[in-house]
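# Summary of the model geometry
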Amino acid sequence: MRRAEVSRAGFILFAVLIVGAAAVLRLAGLSQYPPGPHYDEAVNLLVARSIAFGGARPFPILEAYQGREVLYFYLNAPLLTLIHDSMFPFHLTNAFSGVITTAAGIALGRAMFPGRRGVVIGLAVGAMIAVSFPLLWLQRQAFRAVTLPLMQSLALVCLWRGLRAHGSPGRLGVGWLVAGGVLAGAALYTYNSSRLFPVWLAVGGAALLVLDRQRWRVRIRQGAAFFAALVLTALPMAMYAAQRPDIFFNRLEEVTQPGQSISLVQSLILHARMFFIEGDPYLRYNIPGRPYFTLPEGVLMLVGMGAAAWRLTRSRAAPPLEKAAYVLALLAPLMVLPSVISVGGLPPSHMRSSGMIPLIFVLIGVGYDAVVRRLARSKVGIGITGIVLFVVIGAVGVGRDYFTWAGRADVYYETDADLAAAGEWARTQQSPGELLYVAARDRGHPTVMIANLADVAWIGTDSLVWPPPGTHALAVFPRSAPPQPEWAGWLEPGRVGGIPIAPDERPAFDAFRLDGDAPPAALLDGAVPAARTESLMLTAFSAQPVASGGSLTVIMAWRVVAVPAVGDLTPLIELENADGFVIARVEPYLTETNRWRVGEHLVLRAILNVPPGTLPGDYAVRAAWVARAADQYQTYQLEQGAPGGIWAQLGTVTVMAPTQPFTAGDLPVALPLDAVPGSGQAAASPTLIGLEPLPGMVRPGESLPLVTHWSAGATPVGADARVGYRILLGTETLWDGAFHPAPAEWGALGAFTRRERLTIPREFPAGSAALTLEIDGSRIALGNLNVQGVARIFDAPPVEQSLEAVFGEAIRLHGYTVRADAQRLQIVLVWQAVREMQHDYTVFVHLLDVDERIIAQIDQMPVNGRYPTTVWAAGEYIVDPYDFPTIAYHSIRVGLYLPQTGVRLLVNDQHFSQQRDNIVIGANMSGQ
């Protein structure tokens, strides 16, 4: 009896020492390390604040931020009121979660295995958890994933205590089993990876039924108690998943998209290496490449797998419950599956692999016990002594590694500590009435938002805002979002000193004071085309010549003339050739545009990648502004305030010859062709190497976009040489003239791309026709086009209101009909082509309020963009519907414009004494 008591006391003593070591490692220097907080950690504080102080009750998933399980938020919300409204309570939560997980790991190993084996395995599990670098890292941060191993450890301890209770007369261990089921169900509210845990438990339960067939009735009753508690606890989450699968699976779908990307097989290989060869590559989450286990731990894991498999299949002495423990331990490595399938998230991820805890450490404990038994013949004291030495040496080593990692300058910036420092500094340095601009890669960055700054305006890595006249601003640029070189000189006179120093002994961020009454002269450059929308006016534009295949930097300054009504007003910047081909396009990201101030200057730096092979010449830079969610474009205003189109040409840029000739392999060819010049083609003619896909169908009168890729060949020709070039559809010639570029340019280009628009004759018959090109007499087949017949209406359709207004002496608005119900407002315009047209015009339909302000608009080519005006035949009628959500309006304004220039067609109507560029219909027939 005395020996058993001493053994029990000794076990408790060693367990306390292990848990104490875990506590020291997790609590030491917690207020200083880790650096940060990172974006996701700051989000956790913002959400917990909304629960603690704002009355928010997200359950069972917070739908913002890609969907997040809520248990972690509810654990921390009370601590914000009891301890402090800061990140520190979160670090305490994680640290104590780590301590409890360590203790639970010891208890689990002791409960799973009988006698001395349980003592050694339990202490070994606790020791491994206590000095694990991935767990030490996680349990000092403020990530939700820490709650998954905590809940799983506690659930498994309760489960095993309940399962072992069957040996006592009349006891099934129902209390322990119900507690375990509740904890297992609660694990589903922790982290995305938890969704595999119930499946894992079900497999283990099935194995126990098979292994313990003699007591299957007892096991059925125990399983019913456990899984009933699990199901009831998880029921709200299951119901939510059924009702909102988009949110429930949102994050899973995001990380399983192979965007970056690797294959599933590659991911499996990486995860096999993760255990003790090479692990998580991200500096923010790991010492890059450090495996999850050290080499000795990895070897013990392999030994444990062998020992568990042997005792499961060969040992008759092992009781069924112990064998069930081996089954679950052997399944533990498979719990990295959530990380394996995250091929879009650059696996392996130690955090997404947290579902394998604690049983992966049980597997290592089994391996340790097997080695000790082989060497010491069941002398438990030798095994415990080894564990103590491991804890001491491991704690010193892992503590050194962690604090070395946490003190690195690159970790400081990777964990957004520069943004955190900027937020705290700005909170004390911002003067009363001074505006605050903060640059960040993620505008609205939570790491800054947790500092509770007043009225922050966000600027990105490629934007700058200058304050309006009569105001001053403080602009802060962290190292992760420095000011661009193009405007660094504008900021330098206002540089602020006394910035906190980062671990690399540099200022953690830059700060500048801006005077709204003294904007840089470059922002007020008057030599730019007039481009003004209802919200913005272009005040400066610059773009330097760029070589073909290079990156074009465009700098624009826009003055805010009216605050936009939407928060997602987005600029669209395009580079176009003379035929209207979009060569390059970019959509700079902006946010909170409804918080702009009148008089502010918005400076945008847009990078347009000019494709290799683009021909030298002058190209137009055009811009549009669109409210993204509503898909509503702002209309430009022409001279004297007249409305224009939705695109404006800001300027031109010259594309020069490449710095060195392109090869055929440099060009992005979608459909390669092995086009060998025929006998009739001159030796110096270029070779067609491919083209972009042809449209599946064209209609008479439509333009046919043709993009072909060419290799110049090596034979030089004189500058005055002329190469003949024809394009035919069937026997109809679509283009005939000299090939461009001229032979004198071929050598500098090497390989190049032609982009051209051809017009299908209106009288071309319906059917399939071959598209061919001839170059210097050689004919090359490009494919077949399906020319579709057009069903035309030549009898006037009925309309609610007749008008007979003629636009540009080419298009008559015959009349219109307005239909409305509770969901939809439909405006049906009926046009008639007065004559055939050579341009595709865009129709605008504006809903106006009583003050003639636009409250909704649609700009598109007729019939939802499917029937351009170049297809119309003289005399035909076109029924053109426009659908709006039902909205109160006063009148409707209609007109047409050329999208390339924004110039509107003038309208002649019997109701007006002078020409106008629009007609107002509906409630107000005044024509205003």
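Check the entry above for the structure.
## Some details on the overall build of the protein chain
- Secondary structure summary: the protein chain contains 23 helices and 33 strands in total.
- Over its C-alpha atoms, taken along the principal directions, the protein chain stretches across nearly 115 × 75 × 60 Å.
- Contacts in the protein chain between residues far apart in sequence, at least 24 positions, make up 71% of those at least 6 positions apart.
- Accessible area of the protein chain: about 38,700 Å², with a carbon and sulfur share of 58%.
- Across the protein chain, the centroid of the 70 positively charged side chains sits 21 Å from that of the 72 negatively charged ones.

## A closer look at the nonpolar core
- If you look at the biggest cluster of nonpolar residues, it comprises 116 residues, and the most contacted ones within it are L123, W160, M356, L359, I360, F361 and V362.
- Broken down by element, the residue count for this core peaks at ten residues, all from helix α5 (residues 115-130).
- Setting aside chain neighbours within four positions, we find I360 in contact with F275, F293, M301, A332 and P333.
- Formed by 83 residues, the second largest nonpolar core is a distinct cluster that contains F477, L575, W625 and L771.

## Some words on the pairing of strand β24 (residues 778-787)
- Note that strand β23 (residues 767-775) and β24 share nine bridges and pair antiparallel. Each bridged residue has a counterpart across the sheet, and for A769 the counterpart in β24 is L785.
- Here β23 folds back onto β24, and the loop between the two strands holds two residues, one of which, D776, carries a positive phi near 55 degrees.

## Here's the deal with a nonpolar patch on the surface
- Taken together, V388, L389, V392 and I393 make up a surface patch of nonpolar side chains, about 360 Å² in accessible area.
- Here V388 lies in helix α18 (residues 380-406).

## Notes on the pattern of salt bridges
- Throughout the structure, instances matching the rule amount to 46 salt bridges.
- Through salt bridges with shared partners, a single network forms among R117, R311, E322, D369 and R373.

## Some thoughts on empty space enclosed by the protein
- A full pass over the atoms with the stated rule returns four cavities of 30 Å³ or more.
- Size it by volume and the largest cavity reaches roughly 160 Å³.
- A457, W458, T591, E592 and W596 are the residues nearest the centre of the largest cavity, which is lined by 16 residues in total.
- Where the lining of the largest cavity is concerned, the elements lending two or more residues are β4 (456-459) and β5 (463-466).
- It is β4 that provides the largest number of residues to the lining of the largest cavity, a total of three residues.
- When grouped by side-chain class, the residues that make up the lining of the largest cavity number eight nonpolar, three polar and five charged.

Rules behind the numbers
Residues numbered from 1 in each chain as written. Predicted model: local features only at pLDDT ≥ 70, side-chain atom pairs only at ≥ 80, totals over all residues. Heavy atoms only, no water. Helix = DSSP H or I, 4+ residues; strand = E, 2+ residues; numbered from the N terminus. Contact = heavy atoms within 4.5 Å. Areas by Shrake-Rupley, 256 points an atom, 1.4 Å probe, with all protein chains shown as cover. Lys, Arg positive; Asp, Glu negative; His and termini not counted. Charge placed at Lys NZ, Arg CZ, Asp CG, Glu CD. Core = buried A, V, L, I, M, F, W, Y, C linked by side-chain atoms within 4.5 Å. Buried < 20%, exposed > 50% of the residue type's maximum accessible area, 1.4 Å probe, protein only. Pairing = 2+ DSSP bridges. Patch = residues over 30% accessible without salt bridge, like charges linked within 9 Å, V, L, I, M, F, W, Y side chains within 5 Å. Salt bridge = Lys/Arg side-chain N within 4 Å of Asp/Glu carboxyl O. 1 Å grid on protein atoms, 1.4 Å probe; cavity = no way out; pocket = protein on both sides within 12 Å on 5 of 7 lines; lining within 4 Å. Points joined across faces, edges and corners; volume = space filled by probe spheres on them. Nonpolar A, V, L, I, M, F, W, Y, C, P; charged D, E, K, R; others polar.

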